[in-house]
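# Notes for the structure review
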Amino acid sequence: MHELALADSVVKAALRAADDAGMKNIERVIVKVGELQQIEKDLFEFSLTNVIPHEEERLADTVFDVSEELVRFECRFCRHEYGREDVDLDDDDQAEAIHFIPELSHAYARCPQCGSPDFDITAGRGITLERIEGSGDDGP
Amino acid sequence: MGRSSIDPRQVVVGDRLAGVGRIIGVTGSKGGIGKSVVAATLALSLADRGVAVGLFDLDFTSPSDHVVLGVDRSFPDEVFGIDPHRVHGIDMMSVAFFAGEVPVPMRGDAATNALLELLAITRWGDLDILILDMPPGLGDTNFDVIHLLPRLEFLLVGNGSRVVIESVRRALHLFKELKVPMVGLLENMQRSDGAAVADLAGEFDVPFLGSIPYEPDLEEALGDIDLLRASQVYTAIRAEVIDPRSDPEAPAPAPR
């Protein structure tokens, strides 16, 4: 369950952001989960609530707002833009490899227009902490 | 009030490596000078001496430590993150465990992302020393580890060829400018007297770690752990290169 490690990173990043902003109470943590990594949303949300340190009061009543972001690829060769439905990544081993390291899509995905493996993942790669919202911000 | 956006992976890199004593990047600005053989054999030598050692192959587009150590592809175990494979007493991580022999073409940004992802999810646990097998060149991954790992030290591999000496000199200039601590300079595949590499180390005031002789039969030892242990490379590295516990500023070896 490497979702636990990813959830741990999000919680720690949220606390770091709260520290930086002088935020005493974190009301919402807004997280995007990229389609490419195939994180199971329910499991990830469950993990988020399970990795919060017991003594951490700033996260006691926090709402974790987790939404999925569709993956978008852009070919570096022909500039074609395409999505998950345009590439064949259905082999179990391929999917599992990409689940751990989304960049391994470069091993398996090809531009549907020109066949190039030279593409950018412009959206929907992995987990992103979009922002935190809260109160008690005595920062600048 | 809001605050945006942090890469959550960067925040936990330090946590994930908290149990690691020293982090040593085996690097060299020129390809084909034996960085992977040195890195993997160094890891094996340390493990054989009872040192808790990890080996992280950062040459994502051409990983080869698994070839040197004779390790087949299999996915790492997934627990609270992923566990490195335990191979001949070494805790080892490589993209080859995920992708096998399939080519993994990546530009620099993708390699940076892959590195961050693996740093964020790999459970290295308690290690005396983590060896990073760096890709050739002075590009993205070198900068990434310098930025992400404040405790990083580099062990630079070179040889006496004028082409390599010129390249290693550039690397030494850069690392000196960036103030990256240097374990030292090691000559690999020695064919002459080693003076050129030793002189270069002296020129930059970094330790000269010794010379590993050129070994024509080494190819047969790659992937065969017993032959590798019997090789001159193994003997030279074991005798000369490094004892991670010899650094007085290094943390005491952690209990396993």
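Residues numbered from 1 in each chain as written. Chains lettered and ligands numbered in written order. Predicted model: local features only at pLDDT ≥ 70, side-chain atom pairs only at ≥ 80, totals over all residues.

### Describing the overall build of chain B
The criterion, for reference: Numbering of helices and strands runs from the N terminus; a helix is a DSSP stretch of H or I covering at least four residues, while a strand is a stretch of E covering at least two. Partly exposed residues are those falling between the two cut-offs: more than 12 but fewer than 20 other C-beta atoms within 10 Å of their own, whereas 20 or more means buried and 12 or fewer means exposed, with C-beta atoms placed from the backbone. Contact between two residues is assigned when their C-beta atoms, built from the backbone, lie within 7 Å.
A count of helical and extended segments in chain B gives 11 helices and 11 strands. Overall, the C-alpha framework of chain B stretches about 65 × 40 × 40 Å when taken along its three principal axes. A total of 256 residues make up chain B; the buried ones form 50% of that total. Considering only contacts in chain B between residues 6 or more positions apart, those separated by 24 or more positions represent 76%.

### As for the packing of helix α1 (residues 8-16) of chain B against helix α5 (residues 108-121) of chain B
All names here are of chain B. Where we set the bar: Lines are fitted to the C-alpha atoms to define the axes, a helix being fitted only along its stretch in contact, and any angle between axes, read from their N-to-C directions, falls within 0 to 180 degrees. Should an angle fall under 35 degrees it is called roughly parallel, over 145 degrees roughly antiparallel, and 65 to 115 degrees roughly perpendicular, with every other angle called oblique. Should the near helix be turned counterclockwise from the far one by less than a right angle, the crossing is left-handed, whereas a clockwise turn marks it as right-handed. Polarity classes work like this: nonpolar for Ala, Val, Leu, Ile, Met, Phe, Trp, Tyr, Cys and Pro, charged for Asp, Glu, Lys and Arg, and polar for all others, with Gly in that last group.
Packing of α1 against α5 brings their axes to within 8 Å, and their N-to-C directions diverge by 50 degrees. Relative to α5, the element α1 lies oblique. The handedness of the crossing between α1 and α5 comes out as left-handed. Side by side, α1 and α5 meet where R9, Q10, V12, V13 and R16 of the first sit next to L116, E117, L119 and A120 of the second. Looking at side-chain class alone, the contact of α1 with α5 contains 5 nonpolar, 1 polar and 3 charged residues.

### Describing the interface of chain A and chain B
Of the residues lining the interface, 36 residues belong to chain A; the matching set on chain B comes to 30 residues. Only α1 (3-21), α3 (92-100), α4 (105-108) and β6 (127-135) of chain A provide two or more residues apiece to the side of chain A that touches chain B. Counting residues per element, the side of chain A that touches chain B draws most heavily on α1(A), at 12 residues. Split into classes, the residues belonging to the side of chain A that touches chain B amount to 18 nonpolar, 7 polar and 11 charged.

### Notes on the packing of α1(A) against α1(B)
Between α1(A) and α1(B), the shortest axis-to-axis distance is 8 Å and the interhelical angle comes to 100 degrees. Of the possible angle classes, the one that applies to α1(A) and α1(B) is roughly perpendicular. Contacts between α1(A) and α1(B) involve D8(A), S9(A), V10(A), K12(A), A13(A) and R16(A) from the first element and P8(B), R9(B), V11(B) and V12(B) from the second. Here the contact of α1(A) with α1(B) is built from residues that sort into 5 nonpolar, 1 polar and 4 charged.

### Points about the domain arrangement of chain A
Many authors give the size of an interface as the accessible area that is lost as the parts come together. Residues and elements named next belong to chain A. As a reminder, the rule being used: Domain start and end points were adopted from an automatic or database domain assignment.
The domain boundaries assigned to chain A delineate domain 1 (1-69 + 124-140) and domain 2 (71-123). Centre-to-centre, using C-alpha coordinates, domain 1 lies 27 Å away from domain 2. Each partner contributes to the interface: domain 1 provides 10 residues, whereas domain 2 provides 11 residues. Classifying every residue of the side of domain 1 that touches domain 2 gives 1 nonpolar, 6 polar and 3 charged.

### Focus: the sheet that holds strand β5 (residues 119-123) of chain A
All names here are of chain A. We apply this condition: At least two bridges found by DSSP between two strands are what make those strands a pair.
Spatially, 3 strands are ordered β4-β3-β5 in an open sheet, and the strand pairing comes out antiparallel. Two strands in the sheet have a free side with no partner beyond their single neighbour: β4 (81-83) and β5. Averaged over all neighbouring strand pairs, the angle between strand axes comes to 35 degrees, with direction disregarded. When strand β3 (residues 72-75) meets β4, the two strands line up antiparallel, connected through 3 bridges. Bridge pairing links E74 to E81 in β4.

### Some details on the pairing of strand β7 (residues 90-93) of chain B
Residues and elements named next belong to chain B. Of the two faces of β7, the one carrying I90 and M92 and the one carrying D91 and M93 are both buried. Pairing between strand β3 (residues 53-57) and β7: 4 bridges, direction parallel. Bridged to G54 within β7 is D91. As judged from the 3 bridges shared by strand β6 (residues 85-87) and β7, these two strands associate in the antiparallel manner. Directly across from R86, in β7, lies its bridge partner D91.

### Here's the deal with the environment of G34(A)
Note on placement: G34(A) falls in strand β1 (residues 25-34). Those residues in contact with G34(A) that lie beyond four places of it in its chain are E69(A), V71(A), P102(A), G124(A), R125(A), G126(A) and I127(A).

### A short note on the nonpolar core
What counts here: Linking buried Ala, Val, Leu, Ile, Met, Phe, Trp, Tyr and Cys residues through C-beta atoms within 7 Å yields a set, and such a set is a nonpolar core.
Judged by nonpolar contacts, the single largest core of 119 residues is most densely connected at V10(A), A14(A), V26(B), A43(B), V53(B), I131(B) and L132(B). With 11 residues, the top contributor of residues to this core is α1(A). Composition of this core by domain shows at least three residues from each of domain 1 (1-69 + 124-140) and domain 2 (71-123) of chain A. Every residue in contact with V26(B), bar those within four places of it in the chain, is listed here: K35(B), V38(B), A39(B), L42(B), I131(B), L132(B), D133(B), M134(B), L155(B) and V157(B).

### Considerations on unusual backbone geometry
For R79(A), which is not glycine, the phi dihedral falls at a positive 70 degrees. Note on placement: R79(A) falls in the loop between β3 and β4. With 11 C-beta atoms counted inside 10 Å, the residue R79(A) sits in the exposed group. In this structure, D205(B) is a non-glycine residue whose phi angle is positive, near 60 degrees. As for its placement among the helices and strands, D205(B) is situated in the loop between α8 (195-203) and β11 (208-213). D205(B) gets classed as exposed once you count the C-beta atoms within 10 Å, which come to 9.

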